[in-house]
Amino acid sequence: MDMIFHDLTITDADFQRLVKFIHNNYGIDLSKKRQLITSRLSHSLKDRGYKDFKSFLEHLFTTKDPQDLELVLNKLTTNYTYFLREKEHFTFFRDTVLPELAQRHQRDKVLSIWSAGCSSGEEPYTLSIYLKEFFGNQAKQWDTRVLATDISQQALAKARAGVYQPPADMPSEWLRRYFVHNGAGTEYTVAPAIRDNVIFRTFNLMDPIHFKLKFDVIFCRNVMIYFDQSTRDALVKRFYDAMNPNAYLFISHSESLGQTPLFRMVASAVYRKK
Ligand SMILES: C[S@@+](CC[C@H](N)C(=O)[O-])C[C@H]1O[C@@H](n2cnc3c(N)ncnc32)[C@H](O)[C@@H]1O
């Protein structure tokens, strides 16, 4: 029996077709990721009875089968994330952004915060915990729900389940207050008060942004790194149009908006709408 699993083959033309399809529809640039494509998809394709990429791609492109599409997005997105990632951002959010927004919204008591490209939920739940800490027993008088969106159904399912092995640097006070220990194991579930303050939705960042409210804060960290420059620029403009005046845009420390007339930098990887 052949115990070694070989990746399925993909021709140059099929590779280019798939790269173009992903780029045009989801912004992700996989033009240098041939190995990643074959290694991440081969097993699932084989399980579904495909002998090569050609027959799978024929099926995908002709039927636009939602299940095939979901598989491709689950496998080809990179969902790496963790609680309190780039912690300085959350410190800035707590010490600068929240006091300012609480002041500005003292009448309507509605904040609009978006975690765009939320992956498995650690980022929006971290925000939800900071909101709870900040508003304390006033939280019920405020609408501070965090919108959290992604295109990977697998990541969103994990996010909605809210079950994690918290990292070693998670404050023990947080574990006690904002998580429920699942039996004797190492897993914890996000407590209802934190979970109910996050709304998870499927949303493709290539689409026009038409949410009910303009945003006060957008976190879009470690997402645009997978896009090319023109896709990034177009998304930044859509963010701009979807934000309130002076709203905050957080990107990751490994990204930059470059020279833009739309935003000014106010802290490392933190921008404000002009
Ligand atoms: C590396 S994770 C970032 C998670 C979190 N923001 C963080 O910084 O830890 C990138 C996420 O962006 C999502 N993504 C990529 N392209 C997208 C698109 N066109 N629309 C929505 N989400 C997208 C991926 O599915 C993935 O979950």
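Residues numbered from 1 in each chain as written. Predicted model: local features only at pLDDT ≥ 70, side-chain atom pairs only at ≥ 80, totals over all residues. Heavy atoms only, no water.

Counting buried positions along strand β2 (residues 146-150) yields 5 of 5 residues, so the element is predominantly enclosed. Neither face of β2 is open: one carries Val-146, Ala-148 and Asp-150, the other Leu-147 and Thr-149, and all of them are buried. The pairing of strand β1 (residues 113-116) with β2 spans 4 bridges and is classified as parallel. Residue pairing for β2: Trp-114 is matched across the bridge by Leu-147. The parallel pair β1 and β2 is bridged by helix α6 (residues 122-135), and the resulting crossover is right-handed. (Buried < 20%, exposed > 50% of the residue type's maximum accessible area, 1.4 Å probe, protein only. Helix = DSSP H or I, 4+ residues; strand = E, 2+ residues; numbered from the N terminus. Pairing = 2+ DSSP bridges. Right-handed = clockwise from strand over helix to strand, strands pointing away.)

Lining the immediate environment of the ligand, one finds 22 residues, of which Tyr-26, Thr-81, Arg-85, Asp-150 and Asn-222 sit closest. The backbone of Leu-205 places a nitrogen or oxygen atom 2.9 Å from a nitrogen atom of the ligand. Here an oxygen atom of the ligand and a side-chain polar atom of Asn-222 are 2.8 Å apart. Calculation on the ligand without its partners gives an accessible area of 610 Å², and the protein chains cover 99% of this total. The pocket occupied by the ligand, as judged from atoms lying within 2 Å of grid points, is the largest pocket. Of the residues that constitute the shell around the ligand, the class distribution is 9 nonpolar, 9 polar and 4 charged. (Near = heavy atom within 4 Å. Polar contact = N/O pair within 3.5 Å; in protein donor to acceptor, adjacent residues only side chain to side chain. Areas by Shrake-Rupley, 256 points an atom, 1.4 Å probe, with all protein chains shown as cover. 1 Å grid on protein atoms, 1.4 Å probe; cavity = no way out; pocket = protein on both sides within 12 Å on 5 of 7 lines; lining within 4 Å. Sits in = over half its atoms within 2 Å of the grid points. Nonpolar A, V, L, I, M, F, W, Y, C, P; charged D, E, K, R; others polar.)

Turning to the sheet that holds strand β3 (residues 163-164), a few remarks are in order. Read from one edge to the other, the open sheet built from 3 strands follows the order β3-β5-β4, with strand pairing classed as antiparallel. In this open sheet, the two edge strands, each paired with only one partner strand, are β3 and β4 (179-181). Of the pairings in the sheet, the one linking β4 to strand β5 (residues 188-190) comprises 3 bridges and is antiparallel in character. Across the sheet, the residue bridging to Val-180 is Thr-189, located in β5.

This paragraph deals with the sheet that holds strand β6 (residues 198-202). Across the sheet, 7 strands lie side by side as β6-β2-β1-β7-β8-β10-β9; this open sheet has mixed pairing. A single partner strand is all that each edge strand has here, and the edge strands are β6 and β9 (263-267). Strand-to-strand twist of the sheet, defined as the mean angle between neighbouring strand axes without regard to direction, takes the value 25°. Pairing of β2 with β6 involves 5 bridges; the strand directions are parallel. Residue pairing for β6: Ala-148 is matched across the bridge by Phe-200. This element, α6, spans β1, β2, β6 and β7 (215-219) of the sheet and lies at about 160° to β6. On the sheet, helix α10 (residues 229-241) packs against β1, β7, β8 (243-250), β9 and β10 (270-273) and is oriented at approximately 135° with respect to β8. (Axes fitted to C-alpha atoms, helices over the stretch in contact; angles between N-to-C directions. Contact = heavy atoms within 4.5 Å.)

When two helices pack together, their arrangement is given by the angle between the helix axes and the distance between those axes. Contact pair helix α2 (residues 34-47) / helix α4 (residues 66-76): the axes reach a minimum separation of 9 Å and the direction vectors enclose 135°. Between α2 and α4, the angle is such that the two are oblique. In terms of crossing hand, the pair formed by α2 and α4 is right-handed. Together, Leu-36, Ile-37, Arg-40, Leu-41, Ser-44 and Leu-45 of α2 and Leu-71, Val-72, Lys-75 and Leu-76 of α4 make up the contact between the two elements. Here the contact of α2 with α4 is composed, by residue class, of 7 nonpolar, 1 polar and 2 charged. (Parallel < 35°, antiparallel > 145°, perpendicular 65-115°, else oblique. Left-handed = near helix turned anticlockwise from the far one by under 90°.)

What follows deals with the environment of Leu-101. Tracing the backbone through its elements, the reader meets Leu-101 in helix α5 (residues 87-104). Here the alpha-carbon distance between Leu-101 and Tyr-82, two residues 19 residues apart in the chain, equals 26 Å. With residues up to four places along the chain from it excluded, the contact list for Leu-101 reads Leu-111, Asp-216 and Val-217.

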